[in-house]
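Given next are the chains, with one letter for each unit.
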Amino acid sequence: MKSIEQSLIEELDRDDDITFTTTDEELFKRAVTTANVQQGSKDLIALGMASIWVVFASIFMKILKPIFKNMADNNRIK
């Protein structure tokens, strides 16, 4: 049984139509673009999570504010 590497080498030797036309510069540009897109996605997700927490804290404080005010008023009466 032939190894995978040997099979690939033999196939590439037989097929002259395969040419690698992409330059190293183009490959680097693609890599940088991909990295930027991935980082941008991570930044958007982090921003979205932070926004959700701010909204949650705001709602939580609106719910608790009357309760705290009522507790403070009860302490003044006693």
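Above this text is the structure in question.
Bear in mind the structure is a predicted one, so any value in this text is a computation, not a measurement.

Let's talk about the overall build of the protein chain
Within the protein chain, the regular secondary structure consists of 2 helices and 0 strands. Counting every position in the protein chain, which comprises 78 residues, the buried fraction comes to 1%. If you sum the accessible surface of the protein chain, you get close to 7,700 Å²; carbon and sulfur atoms cover 65% of it.

Side note on the packing of aromatic side chains
All told, the structure shown has 2 aromatic pairs when counted by the stated rule. Aromatic side chains F56 and F60 sit 6.1 Å apart centroid to centroid with 15° between the ring planes, which places their arrangement in the stacked category. Of the two residues, F56 and F60 are both situated in helix α2 (residues 24-77); the distance of 4 residues between them amounts to about one turn of the helix. Each member of the aromatic cluster is reached from another via a ring pair, and the members are W53, F56 and F60.

Notes on the pattern of salt bridges
Scanning all chains against the criterion turns up 1 salt bridge. K29 serves as the salt-bridge partner of E25, at 3.5 Å between the closest nitrogen and oxygen. One end of the pair, E25, and the other, K29, are both in helix α2, 4 residues apart, so they sit about a helical turn from each other. Take E25: its relative accessible area is 53%, and that puts it in the exposed class. A relative accessible area of 52% places K29 in the exposed class.

Thresholds, definitions, all that
Throughout this description, residue numbers start from 1 for each chain and increase along the sequence as written. Per-residue local features of the predicted model are confined to residues with pLDDT of at least 70, and side-chain atom pairs are confined, for both listing and counting, to 80 or more; whole-chain, interface and lining totals are unaffected and use all residues. Only hydrogens and water are set aside; all other atoms, that is, all heavy atoms of the structure, feed into the side-chain values. Note on conventions: DSSP H or I runs of at least 4 residues are helices, E runs of at least 2 residues are strands, and numbering of each starts at the N terminus. Think of it in three bands: residues with accessible area under 20% of the maximum for their type are buried, residues over 50% are exposed, and the middle band is partly exposed, with areas taken using a 1.4 Å probe on protein chains only. Note on areas: Shrake-Rupley, 1.4 Å probe, and residue coverage restricted to the protein chains presented here. Two rings from Phe, Tyr or Trp (for Trp, the six-membered ring) form a pair when their centres sit within 6.5 Å of each other. Planes less than 30 degrees apart are called stacked, planes more than 60 degrees apart edge-to-face, and all others tilted. A carboxyl oxygen of Asp or Glu within 4 Å of a side-chain nitrogen of Lys or Arg is what we treat as a salt bridge.

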